[in-house]
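Overview (structure and organization)
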Amino acid sequence: MPEAASSPAGRAWRRFRHNRPALTGAILLVLVLAAVLVGPSLGLPDPNLASESPFTPPGPGHWFGTDIHGRDLLVRTLVGTRISLLVGLTGAAVSVVIGVAWGLVAAYAGGRTDSILMRTVDVLYALPNIIFVMLVIGLTETHLIRWLQSVAPSIAGSARLLLLFICLGAVSWLNMARIVRGQVLSLRNRPFILASRVLGAPASFILRRHLLPNVAGVVIVYATLTVPAVILYESFLSFLGLGIRPPDASLGTLIEDGARQLNPIHIRWWLLAFPAGILATTLLALHHVGDGLRDALDPRSEN
Amino acid sequence: MRPLAPLQNAPASMHGAFLFSVLTCAAVGRRLLQSIQLIQFAFLLALFAGCRPLPPADLVLHNGREPETIDPHLLTGQADGRIGSALFEGLTRYDPVSGNAIAGLAQGWTLSPDGRTYTFQLRTNAAWSTGKAITSTDVVWSWQRAVNPLTAADYASQYFYVENGEAICNGTERDPGKLGVRALGPHTLEVRLVNPTPFFLELLASRVFAIVPRETLEKYGDQWIRSPGLPCSGPYTLEFWRVNDRIRLRRNPHYWDATNVQSAVVDVLAGDSAHTTLNLYLTGAVDFIIDKDMFPTELAEALRERPDFHRYDYLGSYFIRFNTTRKPFDDPRVRRALGLVINRQRIVGRITRMGERPASHIVPDGTGGYHPPAGLEEDATTARRLLAEAGFEGGKGFPSFEYSFNAETKLHEHIGVEIQAAFREQLGIRMELRPLEWKTYLNNMSKLDYDLMRSSWIGDYNDPNTFLDLFLSTGGNNRTGWRDEVYDQLIQAANATLERQPRFELLAKAEARLLNVGAPIVPLFSYVGFYALDTNRVAGVHGNLLDEHPFWAIRRIPR
Amino acid sequence: MKLIRRLLAIPLLVWIVATLAFFLMRAAPGGPFDRERAPASREVEAALQARYHLDESLGRQYLRFLAGLVQGDLGPSFKYRHHTVNDILAQALPVSLTLGWLAFGTALGIGIPTGFIGAVHRGRWPDWAGSFLVLAGVCIPTFVLAPLLVLIFSLRLGWFPVALWGSIPQVLLPTFALGLYFAARVSRLLREGLSETLRAPFILTARAKGLGEFELLLRHALRPSLLPVVSYCGPMLADLLTGSFVIERVFQIPGTGAFFVNSFFSRDYPLMVGLVIVYSALLLLLNLATDFAYRWLDPRTRHA
């Protein structure tokens, strides 16, 4: 393939492709996504279908075993992963959008704006998240369901999920903002930024073209760390009755259930191993993809 | 009672801290990290200075959750009650074997022929832990304090059986001195009841009737329990209290039965995790798990096989409440139909698996010798017929509704899933599961903001009345909106009857009406308790319906 | 000058946080004295509410709270009725501080070396090895990791006690479990920061000048790379020092983490607000410290 003909995007893609762990990770992610999107419809039992064989270990018929109600764990894990990934990725995306914007502005503007913005972050961070989540869900859920039933009835059942996206993203952006701000603070006095300013470039241009790509690395890394945090926070919310409505389960709640199998008397290992394994694999893959993305997008790795 | 410093064993910890710091320093060798490690080390040194290891106790019990209050008049939880009973005693106390009431601070009593006046003889050797004698004026003062609405005792309703008790509690009678108890002599006490009350002696063993020290309360007010030199009327005194860690009790040398108090120093641990409690027990750090909530339900079958896990019937019921003020649950036919399709055997066999007794009746069988009538046993045909009569043939037109439950444990969700399946398959109606956080759950229950709600009730004393008076029209614990005059009359008539057999017959009639006619509730099963007890390690514990295991009878068996 | 201004701003901000927490808590449904059993009478219920001033208007309750706060009295706990909030903090905070500080040392002690090695040998096997250990802290949630460690090291191998707090053997497992979670983050952020720095022109210059590799890495490259780590250290340390709910539950450690969550569940308003005050004061101080650490680590961050 002739080198000169590719665009920056094309070059980035090529760098990514040559990065083996990143590629493996990406393939794994695609496989997982395919499994969770398509898998449950491929002749597997309904995730909420009880059967007469509770607590069976993995075997033909139930490749991941069954739970207390005899529900097939494989399909429950796939559906749960679907929900958790949706929640995790959206939550991380929301936190990236808000956090990056906030941190960029705070660090670039400096002075009083910086102070006010960062002190707001501190105040919000100090307040316990559960109150917010509880109040938001408690106060708005019934209204949201009613509104959705009139506007788009098919997704009215997902009202809780939508609220979770917003809430979970809204509580995760704080650290992102802080980290982005730290990064930008070290960049803003660099020669190339100063040069841009001298040349009369507007702040928005500088933020977009110079600062953003340079914080991309840290942002991607922290975003991949946010995904699991959001997934597990959702499972914590299930103790408050604010998580996914039973009998549906998310990956987080499946792992939580499975964690209770860690005892010295009788371990039903499949209840923990499979959901936790899927989570670990997905997160590892995400981690390597994040790395690969970061390397691919870095303008300086063009040497 | 100053809490000891958080880390004991200073020499070992200093070595450990030093080692720890050196290792992490060596790992990187950065100046920044070194300074952090140095600060760490200094911090640890400062913290460990002057620490002493905790002397071991003679008995270590795990009591479940951290107690909220151990003031015997104010407490409501079981964990709180065990410690309250260890520190303060009443006229009667619990027998370690049967759980029934036996003589406590009172050595004897006589009952008048009309069954309404008791005369108690206090023990002449009854004394506070300070050595001062306990007299009948102490008893009178304690009872007046408990029933006084300003004390805000939740269980003050137990005093309603005593003359003027209800009036004082309601505020109708302003003078607590009018309570039907008076001192006839330094060791003689007269108690006048409103009606003959067959279970009165059982009531007297409960904490709200315990004797508390007047001078301490008058001097310290709310903070009296942790005041120095607290006088205790019970078998133990409070040595120290470390929040969320442990309470240490020491034998009261002036207790009238001190020679029979088995363990001199008892550590009562507090914790939230059933698995951790089990681990502590299995590794010998805890001698006996006294709280039945600290039982990991996932391990039910495996633990039941073990010889050191003992199962006992327990005075509690698990049931479902209907909100009879909401359509369509205002129609008793609908309620009965729903109750008729529940397969209790399946729930007990597949979900709870602790050997509970499936029950269609609310009063556990054998309570005080009472045998309850049968309620609605599984009968899908009749259920469908009733539902059709109510206008919902085959479940058509039946609105989807919610089953509320508290979310801290998965158990209620699992039971809900079973019930959901039963309703869907047998009746064709749709029920959603609605997990709620604890306070929201309580709030919704008292505001009647629910369709169906998971509930339970633990009996306060060994008599069916403790369950049946829940559903009186005027009862604050009713929480279903159900009112039935006939039921109320039957209960009141029963409680005015002295003889056991006729009384039980009236109660059975009332319960039958509750379960089969009105059906504002669907009982599921009677609770069982499990206690982890190795009879080779611990003696003095016996299973009983009330789940009362007084600390004074328990001792560790030396190896 | 700036330091003084920031320090003086802290009490103001803590007051704002306390006020927000005070009012937000009371917006949640249910109250501290809602129980399964109905009150014995309305008088009893009224007396209980009156004793804790819950029958007064919100405004008056707030003023009462402020008056206490100024004198350093955070009020009685509504749930633990024989203890004041100050009592509970005095007992629980030292435990959490100790555990948190030790876990902080562990997080840095594991995270910094692995991140360092990961950046220097990026993409090769040392990176993989380091990542593997560290990613356990990210991919395995604490409520799985902690019981797993107990199962393996305490129950099966018998090296450590299963729970409780008070001696060095009891400290080690909880510290490791707690530290590993944060070590993962520290490691990733350092690896990122260091890789970034190693591409900078000044490194090329230093190499060209003939500077030894090790000295180069440690003295020149590491400092500015610590920036993202340090940004994270403020909130990380604040979180650590105020206790971890999961660890304290699994190991039955009497720290403040358990109280944070339980006080919400029981609507123990004064305890929750008291904990929030401690947490926010700590957080603000630590963020102040990390902001000043930036200036030392990377002179380019000093404001023009």
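Structural notes, computed from the coordinates. Just so it is clear, the structure is predicted and the values come from calculations on it, not from any experiment.

Attention now goes to the overall build of chain B. Scanning chain B from N- to C-terminus turns up 17 helices and 19 strands. Against the compact-globule benchmark of 24 Å for 559 residues, chain B has a radius of gyration of 27 Å, which places it among compact chains. Structurally, chain B occupies a C-alpha span of about 80 × 70 × 45 Å along its principal axes. For chain B, with 559 residues in total, the buried portion stands at 62%. Contacts spanning at least 24 positions in sequence make up 69% of the contacts within chain B whose residues lie at least 6 apart. Accessible area of chain B: about 20600 Å², with a carbon and sulfur share of 52%.

Turning our attention to the overall build of chain A. Per the secondary structure count, chain A includes ten helices and zero strands. Seen in sequence order, chain A has helices and strands lined up from the N terminus as α-α-α-α-α-α-α-α-α-α. Taking the principal axes of the C-alpha coordinates as reference, chain A spans close to 75 × 55 × 45 Å. Taken over 303 residues, chain A has a buried fraction of 56%. Counting only contacts in chain A whose residues sit at least 6 apart along the sequence, the fraction spanning at least 24 positions is 70%. In the form shown here, chain A has an accessible surface area of approximately 12500 Å², with 70% of it arising from carbon and sulfur atoms. In chain A, the 24 positive side-chain charges and the 16 negative ones have mean positions that sit 11 Å from each other.

It is worth spelling out the interface of chain B and chain C at this point. The parts lose accessible area when they come together, and the size of an interface is often stated as this lost area. The interface is formed by 74 residues belonging to chain B together with 61 residues belonging to chain C. Summing both partners gives a buried area of about 6400 Å² for chain B against chain C, and 60% of it is carried by carbon and sulfur. On the chain B side of the contact with chain C, B:E68, B:V243 and B:K439 bury the most area, a combined 11% of that side's loss. In this assembly, chain B and chain C are joined by seven salt bridges. In this structure, B:E68 engages C:R35 in a salt bridge whose closest nitrogen and oxygen atoms are separated by 3.5 Å. Joining chain B to chain C, the criterion identifies 25 residue pairs in polar contact (both at pLDDT 80 or more). Ranked by the residues each element gives to the side of chain B that touches chain C, the list is headed by helix α2 (residues 31-48) of chain B, at nine residues. When its residues are assigned to classes, the side of chain B that touches chain C shows 34 nonpolar, 25 polar and 15 charged.

Residues and elements named next belong to chain B. Strand order in this open sheet of four strands is β4-β5-β7-β6, and the pairing throughout is antiparallel. At either margin of the open sheet sits one strand with a lone partner, and together these are β4 (106-111) and β6 (181-185). Strand-to-strand, the axes of this sheet are offset by a mean angle of 25°, without reference to chain direction. As defined by bridge partners, β6 adjoins strand β7 (residues 188-192) across four bridges and the pair is classed as antiparallel. Note on β7: the bridge partner recorded for R182 is E190.

Turning our attention to the interface of chain A and chain C. With 60 residues of chain A at the contact, the number on the chain C side is 59 residues. Together, the buried faces of chain A and chain C total about 5400 Å²; carbon and sulfur atoms form 68% of this surface. Across the chain A-chain C interface, the total number found is one salt bridge. The partner of A:R181 in a salt bridge is C:D291, with the nearest N and O atoms 3.2 Å apart. For the interface between chain A and chain C, the tally reads six residue pairs in polar contact (both at pLDDT 80 or more). When residues of the side of chain A that touches chain C are traced back to their parent elements, those giving at least two are α4 (111-126), α5 (129-151), α6 (159-187), α8 (203-237), α9 (251-259) and α10 (270-297) of chain A. Residue contributions to the side of chain A that touches chain C peak at twelve residues, all from α8(A).

Residues and elements named next belong to chain C. Structurally, S96 can be placed in helix α4 (residues 85-120). Residue class for S96 comes out buried when judged on its relative accessible area of 2%. Within the structure, S96 has its side chain in polar contact with the side chain of E248 (distance 3.2 Å). At a separation of 2.8 Å, a polar atom in the side chain of S96 contacts the main-chain amide nitrogen of T256. When residues no more than four places from it in sequence are discounted, the contact partners of S96 are L240, L241, T242, G243, E248, G255, T256 and G257.

Let's shift gears to the nonpolar core. Of all hydrophobic cores here, the largest spans 182 residues; its most connected members are A:L211 and A:L237. Looking at which element gives the most residues to this core, the answer is α4(C), with 17 residues. Those residues in contact with A:L237 that sit more than four places away from it in its chain are A:I130, A:V133, A:L164, A:L168, A:L242 and A:G243. By size, the runner-up hydrophobic cluster in this structure holds 123 residues, among which are B:A106, B:I134, B:F199 and B:L217.

With that settled, consider the packing of helix α7 (residues 191-198) of chain A against α8(A). Residue and element names in this part refer to chain A. As a packed pair, α7 and α8 sit with axes 11 Å apart at the nearest point and diverge in direction by 175°. The orientation of α7 with respect to α8, classified from their angle, is roughly antiparallel. Seen from α7, the contacting residues are F192, I193, S196 and R197; seen from α8, they are I206, H210, L211 and N214. Along the lines of polarity and charge, the residues of the contact of α7 with α8 split into four nonpolar, three polar and one charged.

For the rest of this paragraph, the subject is the pairing of β4(B). Residue and element names in this part refer to chain B. Pairing between β4 and strand β5 (residues 117-122): five bridges, direction antiparallel. The residue bridging A106 from the neighbouring strand is L122, located in β5. Linking β4 back to β5 in an antiparallel pair, the connection comprises five residues, with G115 at a positive phi of about 75°.

All names here are of chain A. Within the fold, D72 resides in the loop between α2 (20-38) and α3 (73-109). A distance of 3.2 Å separates the side chain of D72 from the backbone nitrogen of V75, its partner in a polar contact. Not counting residues within four places of it along the chain, the set of residues in contact with D72 comprises L44, P45, G61, H62, W63, G65 and T66.

Residue position: C:A183 is located in helix α7 (residues 168-198). If sequence neighbours within four positions are ignored, C:A183 has contacts with C:A107, C:I110, C:G111 and C:V134.

Turning our eyes to something else, we now look at α9(A). Of all the nine residues making up α9(A), eight are buried; the element is thus mostly covered by neighbouring parts of the structure. All of the buried residues in α9(A) are A:L251, A:G252, A:T253, A:L254, A:I255, A:E256, A:G258 and A:A259. The inward-facing, buried residues of α9(A) abut α3, α8 and α10 of chain A, α13 (410-427) of chain B together with α6 (142-156) of chain C.

All names here are of chain A. Look at α5 against α8: their axes get within 12 Å of each other, and the N-to-C directions meet at 70°. The angle between α5 and α8 places the two elements in the roughly perpendicular class. Read as a crossing pair, α5 and α8 show a hand that is right-handed. Contacts between α5 and α8 pair N129, I130 and V133 from the former with Y233, F236 and L237 from the latter. Here the residues of the contact of α5 with α8 sort into five nonpolar, one polar and no charged.

Turning our eyes to something else, we now look at the environment of A:P54. Along the chain, the position of A:P54 falls in the loop between α2 and α3. By relative accessible area, A:P54 is classed as partly exposed at 27%. As a C-alpha pair, A:P54 and A:F16 span 38 residues in sequence and 45 Å in three-dimensional space. Aside from chain neighbours lying at most four places away, what touches A:P54 is A:T66, A:D67, A:I68, A:G70 and B:R350.

Quick notes on the rules
- Residues numbered from 1 in each chain as written.
- Chains lettered and ligands numbered in written order.
- Predicted model: local features only at pLDDT ≥ 70, side-chain atom pairs only at ≥ 80, totals over all residues.
- Heavy atoms only, no water.
- Helix = DSSP H or I, 4+ residues; strand = E, 2+ residues; numbered from the N terminus.
- Rg over C-alpha atoms; globule rule 2.2 N^0.38 Å.
- Buried < 20%, exposed > 50% of the residue type's maximum accessible area, 1.4 Å probe, protein only.
- Contact = heavy atoms within 4.5 Å.
- Areas by Shrake-Rupley, 256 points an atom, 1.4 Å probe, with all protein chains shown as cover.
- Lys, Arg positive; Asp, Glu negative; His and termini not counted.
- Charge placed at Lys NZ, Arg CZ, Asp CG, Glu CD.
- Buried area = accessible area lost by both parts, 1.4 Å probe.
- Salt bridge = Lys/Arg side-chain N within 4 Å of Asp/Glu carboxyl O.
- Polar contact = N/O pair within 3.5 Å; in protein donor to acceptor, adjacent residues only side chain to side chain.
- Nonpolar A, V, L, I, M, F, W, Y, C, P; charged D, E, K, R; others polar.
- Pairing = 2+ DSSP bridges.
- Axes fitted to C-alpha atoms, helices over the stretch in contact; angles between N-to-C directions.
- Core = buried A, V, L, I, M, F, W, Y, C linked by side-chain atoms within 4.5 Å.
- Parallel < 35°, antiparallel > 145°, perpendicular 65-115°, else oblique.
- Left-handed = near helix turned anticlockwise from the far one by under 90°.

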